[in-house]
Amino acid sequence: MTDAEWAAIRPLLPVPAWLQGRGGQPEGYCHRQMLDAIRYLVAGGISWRAMPADFPAWGRVYAFFRRWREHGLITEFHDRLRGRVREREGRQAEPSAGIIDAQSVRAAASVPSGSRGYELATRS
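Now for a description of the structure that goes with this document. Worth saying up front: this structure is predicted, and the values here are computed from it rather than measured. Sequence positions are assigned chain by chain, starting from 1 and proceeding in written order. With pLDDT at 70 or above as the cut-off, local features in this predicted model cover only qualifying residues; side-chain atom pairs require 80 or more to be listed or tallied, and sums for whole chains, interfaces and linings still use all residues. The side-chain values count all of the structure's non-hydrogen atoms but skip hydrogen atoms and water molecules.

### Focus: the side chain of R86
- Comment: elements are numbered from the N terminus, with helices defined as DSSP H or I runs of at least four residues and strands as E runs of at least two. If you trace the backbone, R86 turns up in helix α4 (residues 73-88).
- Note on classification: 1.4 Å probe, protein chains only; a residue is buried when its accessible area is under 20% of the maximum for its type, exposed when over 50%, partly exposed between these limits. Residues scored as positive are Lys and Arg, those scored as negative are Asp and Glu, and His as well as the terminal groups of each chain are ignored. Here, a salt bridge means any Lys or Arg side-chain nitrogen found within 4 Å of an Asp or Glu carboxyl oxygen. Lacking a salt bridge, the buried R86 has E89 as its closest oppositely charged neighbour, with an N-O distance of 6.2 Å.
- Here a polar contact is recorded for every N or O atom pair within 3.5 Å, except that within protein the pair must consist of a potential hydrogen donor and a potential acceptor, and residues adjacent in sequence are included only if both atoms are side-chain atoms. Within the local environment of R86, its side chain forms a polar contact with the backbone oxygen of Q92, the two atoms lying 2.8 Å apart.
- Working rule for contacts: check all heavy atoms of both residues, and any pair within 4.5 Å makes them a contact. Setting aside anything within four residues of it in sequence, one finds R86 in contact with R91, Q92, A93, E94 and P95.

In C-alpha cells, the structure reads:
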C-alpha cells in the first residue's frame, strides 16, 4: 500500500480503545500490515491459511477482517473509496442508477430451482 493510499484509508479505521484512554492493551499488529495482508489475499485469490510468512499469522489477519466486517467497516471502505473514484472522474459520489443482468439474477443460488435456467424459444 502506498503512503497516499494509507493516508486515504487511515481515517476510516477505528481508533483502538487503549489509544482513547479506555483501557485495554496495545494491539500486536499495525492496521496497515493487516490491510496489506487482506489486499494480498484478495488480489491473489488465496485462502487464509496460505498467507505468506511475510504477513502476520493468518488467524490474526482473519480476526481483524472479521471484526471489521461485522462492524460494517469493509462496506464503508468500499463505499467511500468508490465515491472518491467517482468524484475524481467528475461524477456524483453516489450512483443514480444500476443495471441488473436478468440471466445472472435468475441463476442465483437464492432463486428457487424451479425458476432457474434459460428460456428457449421454440418454433412450432
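### Describing the environment of E94
- Checked against the element boundaries, E94 lands in the loop between α4 and α5 (102-106).
- Residues E94 and R82 lie 12 residues apart in sequence; the distance between their C-alpha atoms is 8.4 Å.
- Beyond its immediate chain neighbours, meaning those up to four positions away, E94 contacts R82 and R86.
- Only 3.4 Å separates the side chain of E94 from the side chain of R82, close enough to count as a polar contact.

### Focus: the packing of aromatic side chains
- Any pair of Phe, Tyr and Trp rings, taking the six-membered ring for Trp, is counted once the centres come within 6.5 Å. Such a pair is stacked with planes under 30 degrees apart, edge-to-face with planes over 60 apart, and tilted for the rest. Under the criterion given, the structure shown has 5 aromatic pairs.
- An aromatic cluster is defined as three or more aromatic residues linked by ring pairs; in this entry it consists of W48, Y62 and F65.
- Consider the ring centre and the ring normal. A charge sits over the ring if Lys NZ or Arg CZ is within 6 Å of that centre and within 35 degrees of that normal. Across from the ring centre of F64, 4.7 Å away, lies the NZ or CZ of R67, which sits over that ring.

### Describing the packing of helix α3 (residues 58-70) against α4
- Contact geometry of α3 with α4 gives a least axis separation of 5 Å together with a crossing angle of 75 degrees. Here α4 runs roughly perpendicular to α3, going by the angle between their axes. Contact residues: α3 offers F65, W68 and R69, while α4 offers L73, I74 and F77.
- Of the residues that constitute the contact of α3 with α4, the class distribution is 5 nonpolar, no polar and 1 charged. In this analysis, axes come from line fits to C-alpha atoms, helices being fitted only over the stretch in contact, and the angle between any two N-to-C directions falls in the range 0 to 180 degrees. Small angles under 35 degrees read as roughly parallel and large ones over 145 as roughly antiparallel, with 65 to 115 read as roughly perpendicular and the rest as oblique. For this scheme, ten residues count as nonpolar: Ala, Val, Leu, Ile, Met, Phe, Trp, Tyr, Cys and Pro. Four count as charged, namely Asp, Glu, Lys and Arg, and the remainder, Gly too, count as polar.

### Focus on the nonpolar core
- In this structure, L13, L35, W48, V61, W68 and F77 are the most contacted members of the largest nonpolar core, which totals 17 residues.
- For this core, the secondary structure elements donating two or more residues are α1 (3-9), α2 (31-44), α3 and α4.
- At 5 residues, α2 tops the list of elements feeding residues into this core.
- Every residue in contact with L13, bar those within four places of it in the chain, is listed here: W6, H31, L35, W68 and F77. The set of buried Ala, Val, Leu, Ile, Met, Phe, Trp, Tyr and Cys residues whose side-chain atoms join them within 4.5 Å is what this entry labels a nonpolar core.

By themselves, these are just geometric observations and shouldn't be taken as functional.
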